[in-house]
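# Fold and contact review
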Amino acid sequence: MESATKGLKVIGIAASPRGQSNSTALLKAALKGVESQGITTRILELIKYNVLQCMGCNICVHDGKCRLVDDMYDLYPEVSAADGILFATPIYFYSLPGFAKIFIDRFQLYWVKKYVLKEKMSCRGLGAMIAVAGTKGEKVFLPSELTLKYFFDSLCLEQYQSLTFREVGPMGEFEVTAPMKQQAEKYGKQYAKILKQHLLNK
Ligand SMILES: Cc1cc2nc3c(=O)[nH]c(=O)nc-3n(C[C@H](O)[C@H](O)[C@H](O)COP(=O)(O)O)c2cc1C
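This structure is a prediction, so every number in the text was calculated from the model and none was measured.

### Some details on the overall build of the chain
- In terms of helices and strands, the chain carries seven helices and six strands.
- When the helices and strands of the chain are placed in sequence order, the string is β-α-β-α-α-β-α-α-β-α-β-β-α.
- A compact globule built from 202 residues should have a C-alpha radius of gyration of about 17 Å, and the chain, at 17 Å, falls within 12% of that.
- Taking the principal axes of its C-alpha atoms as reference, the chain extends roughly 50 × 40 × 30 Å.
- Counting the 202 residues in the chain, one finds 39% classified as buried.
- Considering only contacts within the chain whose residues lie at least 6 apart along the sequence, 82% involve residues at least 24 apart.

In structure tokens, the structure reads:
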């Protein structure tokens, strides 16, 4: 079991633009849980990167490459090589913050590789959403969860159950409590265990 799951890496993607962010704090706690299972982690704070928006030129349809020159050059190989992704986001207008969607749209070339160019990919890992909303809207997480489902799919990752918190920071307050962090750490630990199991079954 050990050798099949040795050297695993989970990337935490933080989609909040804020320094003191509820969703990023929960992501950090979840990654602690992941690390407790012997998995290496790294956090990418999207706001720190220069990511241009997809222009829909569809040049990638021919060779699976993007002609835009920006930080995605380094992010593509790192994100696509991850065994798992935990994508943490605040809810903005029932969806992801705009710059996070811009980042996701730039993965169109992976959709092309998979479904148009039919490149062989190793479909192994798991992606999951951690999301925080200020209100108690019943369907407040649904649009982001769907967007991330297809983002994960383009990278050949199956979607694992989300961790969501409603009524947190409606006016931007930092409201992550110790029990919430404990819940996120437990979630990360469980996610890591299921990820290992998932990889062994492949
Ligand atoms: C531009 C903007 C739009 C928002 N839209 C929603 C929304 O549609 N539904 C909701 O429940 N909360 C909404 N919120 C509240 C945030 O989801 C909430 O403040 C969250 O705690 C922020 O997470 P963060 O600390 O990780 O940035 C919005 C906040 C901002 C700044």
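### Some points on the environment of Glu 35
- In this structure, Glu 35 sits in helix H1 (residues 22-35).
- The spacing of Glu 35 and Ala 192 is 157 residues in sequence and 8.2 Å in space, taken between C-alpha atoms.

### Points about the site of the ligand
- Lining the immediate surroundings of the ligand are 20 residues, of which Ser 23, Pro 90, Ala 133, Gly 134 and Gly 169 lie closest.
- With three residues, H1 is the single largest residue contributor to the shell around the ligand.
- Looking at the shell around the ligand residue by residue, the class counts come to nine nonpolar, 10 polar and one charged.

### Some words on the packing of H1 against helix H7 (residues 178-200)
- Close contact between H1 and H7 brings their axes to 6 Å; oriented N to C, the two are set at 45 degrees. The orientation of H1 relative to H7 falls into the category oblique. H1 and H7 meet at a crossing whose hand is right-handed. Counted together, Ala 25, Leu 26, Ala 29, Ala 30, Leu 31, Lys 32, Gly 33 and Val 34 of H1 and Met 180, Lys 181, Ala 184, Glu 185, Lys 186, Tyr 187, Gly 188, Lys 189, Tyr 191 and Ala 192 of H7 form the full contact between these two elements.

### Some words on H7
- With 23 residues, H7 extends 33 Å from end C-alpha to end C-alpha; this agrees with the ideal 33 Å at 1.5 Å per step.
- What H7 keeps buried is the set Ala 184, Glu 185, Tyr 187, Gly 188, Tyr 191, Ala 192, Leu 195 and Lys 196.
- Where H7 is buried, its residues contact H1, strand E3 (84-90), strand E4 (126-132) and strand E6 (163-165).

### Describing the pairing of E4
- Across the seven residues that make up E4, a large majority, seven, are buried.
- Residue alternation in E4 divides its side chains into two sets, Leu 126, Ala 128, Ile 130 and Val 132 and Gly 127, Met 129 and Ala 131, and both sets are buried.
- Relative to E4, E3 runs parallel, the two being bridged by seven bridges. Along E4, the bridge assignment pairs Pro 90 with Val 132.
- Between the parallel elements E4 and strand E5 (residues 158-159), the chain passes through helix H6 (residues 142-154) in a crossover that is right-handed.
- Taken together, the three bridges between E4 and E6 define a ladder with parallel strand orientation. Bridge pairing in E6 places Val 132 opposite Phe 165.

### Overview of the pairing of E3
- With seven of its seven residues buried, E3 lies for the most part within the structure.
- Burial along E3 is two-sided: the residues Gly 84, Leu 86, Ala 88 and Pro 90 and Ile 85, Phe 87 and Thr 89 are all buried.

Cut-off values and rules
- Residues numbered from 1 in each chain as written.
- Predicted model: local features only at pLDDT ≥ 70, side-chain atom pairs only at ≥ 80, totals over all residues.
- Helix = DSSP H or I, 4+ residues; strand = E, 2+ residues; numbered from the N terminus.
- Rg over C-alpha atoms; globule rule 2.2 N^0.38 Å.
- Buried ≥ 20, exposed ≤ 12 C-beta atoms within 10 Å, placed from the backbone.
- Contact = placed C-beta atoms within 7 Å.
- Near = placed C-beta within 6 Å.
- Nonpolar A, V, L, I, M, F, W, Y, C, P; charged D, E, K, R; others polar.
- Axes fitted to C-alpha atoms, helices over the stretch in contact; angles between N-to-C directions.
- Parallel < 35°, antiparallel > 145°, perpendicular 65-115°, else oblique.
- Left-handed = near helix turned anticlockwise from the far one by under 90°.
- Expected span 1.5 Å × (residues − 1).
- Pairing = 2+ DSSP bridges.
- Right-handed = clockwise from strand over helix to strand, strands pointing away.

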